[in-house]
Amino acid sequence: MDRISKIFAATSIALSIFAASFFAKATDMLSIKSDLKRGQAVAAQVCVSCHAIDAKSLSEVYPSLAGQHADYLYQQLKDFQLQPGAQEPQRNNKIMEAMVAILSDQDMRDVVDYYASQKEQRGLAHHDNPNSSILGEKIFRGGISQKGVPACVACHGPDGGGMPSQYPRLRGQNSAYTQAQLIAFRDETRVNNVAMQVIASRLSDDEIMALADYIADLR
Ligand code: HEC
Ligand code: HEC
């Protein structure tokens, strides 16, 4: 374990003990089952420092979770976990791997339902290049036929809203995060979707940047 992982592991244990007693009390007090309330408690205790409580992430490197499809978010949490027999998790991210290690399945369900119920936000974008969004829109809507890149709208929908449980919403996502994911699919550090790995392998850095900027501005 490197130093960062150790710090996270230690923080995680402390958080989980604290969170466990907090949840027990909260449930006692309410004595009713309210999953969204419980989900909000998990968010407030564990996720808040990066994803915020209203899911408006605090930095553009952290994805905005607000309004994202709950089933998709749940699957991603599973994909950050190292599964028995596997060398690496399907999504390689030390921070999120440490986070999911302390969550029960019920915690995951509740917290994703909570975040999915939050209001979507407009994403944070770079706009280093003024023409970037024009190129991004072209690829998003029409793909790049010479390179065999399909239009993103084919799966993620004309407004980038995706489709629950199949295709994630891209609209309004922070551009640095989208950029990092397309690079992760290309570099095979995110291997949870073959179609996305093939698509990303055909995109240049400039095309990825352009798509990420366009997507952040989509509403
Ligand atoms: C220390 C910062 C940090 C904390 C705390 C944190 N996350 Fe994350 N989260 C990240 C980063 C960074 C990523 C992007 C990972 C990547 O590049 O694959 C991420 C990605 C995710 C994703 C994937 C989103 C997508 O669109 O695919 C989900 C879901 C998620 N986090 C949920 C949570 C939940 C739920 C909690 C609390 C239990 C949490 N995170 C706590 C930093 C954090
Ligand atoms: C054949 C269907 C399909 C097409 C076409 C497609 N995608 Fe995807 N995309 C998916 C699926 C399915 C996922 C979810 C993968 C998973 O479960 O992690 C995804 C995930 C993503 C993600 C990660 C979202 C997140 O929150 O982490 C990004 C970014 C993305 N796609 C961008 C694009 C872009 C840009 C294009 C067009 C160049 C595109 N996709 C075209 C199916 C598609």
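Not measured: the values here are computed from a predicted model.

It is not clear to me how the site of ligand 2 should be interpreted in this structure. Could you clarify?
Taken together, 22 residues lie around ligand 2, and Cys-152, Cys-155, His-156, Tyr-177 and Met-196 are the ones closest in. A distance of 2.8 Å separates a nitrogen atom of ligand 2 from a polar side-chain atom of His-156. Where the shell around ligand 2 is concerned, the elements lending two or more residues are α3 (70-80), α7 (153-156), α8 (175-187) and α9 (194-201). The biggest single contributor to the shell around ligand 2 is α8, with five residues. The residue makeup of the shell around ligand 2, split by class, is 14 nonpolar, seven polar and one charged.

Whenever I open this one, the packing of aromatic side chains confuses me. Can you help?
Aromatic rings in a pair are described by how distant their centres are and how their planes are angled relative to each other. On inspection of all chains with the given rule, the structure shows two aromatic pairs. Taking the centre distance of 5.5 Å and the plane angle of 55° together, the rings of Tyr-114 and Tyr-115 count as tilted. For the pair Tyr-114 and Tyr-115, one class covers both residues: buried. In this arrangement the basic side chain of Arg-109 is found over the ring face of Tyr-74, its NZ or CZ atom lying 3.7 Å from the centre.

In this structure, what is going on with the coordination of the iron atom of ligand 2? I would like to understand it.
For a metal with four tetrahedral donors the ideal donor-metal-donor angle is 109.5 degrees, whereas six octahedral donors ideally subtend 90 or 180 degrees. Here the iron atom of ligand 2 is held by His-156 (NE2) and Met-196 (SD), and the distances to it run 2.1 to 2.3 Å. With six donor atoms in place around the iron atom of ligand 2 and angles of 86 to 179° between them, the coordination shape is octahedral. Highlighted residues: His-156 in helix α7 and Met-196 in helix α9, separated in sequence by 40 residues. This pair shows no difference in class: His-156 is buried, exactly as Met-196 is.

What is the right way to look at the coordination of the iron atom of ligand 1 in this model?
Around the iron atom of ligand 1, the protein contributes the donor atoms His-51 (NE2) and Met-96 (SD), at 2.0 to 2.2 Å from the metal centre. One way to put it: the six donor atoms around the iron atom of ligand 1 meet at angles of 86 to 178°, and that makes the site octahedral. With a gap of 45 residues between them, His-51 in helix α2 (residues 35-51) and Met-96 in helix α4 (residues 94-101) connect regions that are remote in the sequence. Taken individually, His-51 and Met-96 each receive the classification buried, so the pair is uniform in this respect.

Looking at this structure, I do not really get the nonpolar core. What am I missing?
Nonpolar side chains in soluble globular proteins tend to be buried together. Judged by nonpolar contacts, the single largest core of 20 residues is most densely connected at Leu-77, Val-111, Val-112 and Tyr-115. Those elements giving two or more residues to this core turn out to be α2, α3, α4 and α5 (105-116). Ranked by the residues each element gives to this core, the list is headed by α3, at six residues. Listed in part, the 16 residues of the second largest apolar core include Leu-182, Leu-203, Leu-211 and Leu-218.

Looking at this model, I keep getting lost on the side chain of Glu-207. Mind explaining?
With respect to the helices and strands, Glu-207 occurs in helix α10 (residues 205-217). Judged by relative accessible area, Glu-207 falls into the buried class, the value being 13%.

I tried to follow α2 on my own but got confused; where do I start?
Residues three or four positions apart in an α-helix share a direction because the helix packs 3.6 residues into each turn. Over its 17 residues, α2 runs only 19 Å from end to end, short of the ideal 24 Å by more than 12%, given 1.5 Å per residue. The largest bend in α2 is about 60°, located at Gln-45. Buried within α2 we find Gly-39, Ala-41, Val-42, Ala-43, Gln-45, Val-46, Cys-47, Cys-50 and His-51.

I would appreciate a short explanation of unusual backbone geometry in the present structure.
A negative phi angle characterises most non-glycine residues, just as the trans form characterises most peptide bonds. The phi angle at Ala-52 is positive, at roughly 65°, despite the residue not being glycine. Mapped onto the fold, Ala-52 is located in the loop between α2 and α3. Although it is not a glycine, Ser-165 adopts a positive phi angle of roughly 65°. For Ser-165, the position within the fold is in the loop between α7 and α8.

Is there a simple way to think about the pattern of salt bridges in this case?
Side-chain pairs of opposite charge can arise where the charged atoms are in close proximity. Inspection of every chain in the model, using the stated rule, returns eleven salt bridges. Linking Lys-147 and Glu-207 is a salt bridge whose minimum nitrogen-to-oxygen distance equals 2.7 Å. Highlighted residues: Lys-147 in the loop between α6 (132-142) and α7 and Glu-207 in helix α10, separated in sequence by 60 residues. The class of Lys-147 is partly exposed, set by a relative accessible area of 34%. What you see here is one network of salt bridges that share partners, running through Glu-120, Asp-159, Arg-169 and Arg-171.

Parameters at a glance
Residues numbered from 1 in each chain as written. Chains lettered and ligands numbered in written order. Predicted model: local features only at pLDDT ≥ 70, side-chain atom pairs only at ≥ 80, totals over all residues. Heavy atoms only, no water. Near = heavy atom within 4 Å. Polar contact = N/O pair within 3.5 Å; in protein donor to acceptor, adjacent residues only side chain to side chain. Helix = DSSP H or I, 4+ residues; strand = E, 2+ residues; numbered from the N terminus. Nonpolar A, V, L, I, M, F, W, Y, C, P; charged D, E, K, R; others polar. Phe/Tyr/Trp six-rings, centres within 6.5 Å; stacked < 30°, edge-to-face > 60°. Buried < 20%, exposed > 50% of the residue type's maximum accessible area, 1.4 Å probe, protein only. Lys NZ or Arg CZ within 6 Å of the ring centre and 35° of its normal. Donors = N, O, S within 2.8 Å, 3.2 Å for Na, K, Ca; no water. Tetrahedral: all angles 85-135°; square planar, octahedral: opposite > 155°, others 65-115°. Core = buried A, V, L, I, M, F, W, Y, C linked by side-chain atoms within 4.5 Å. Expected span 1.5 Å × (residues − 1). Bend = angle between axes of the 7 residues up to and from the residue. Salt bridge = Lys/Arg side-chain N within 4 Å of Asp/Glu carboxyl O.

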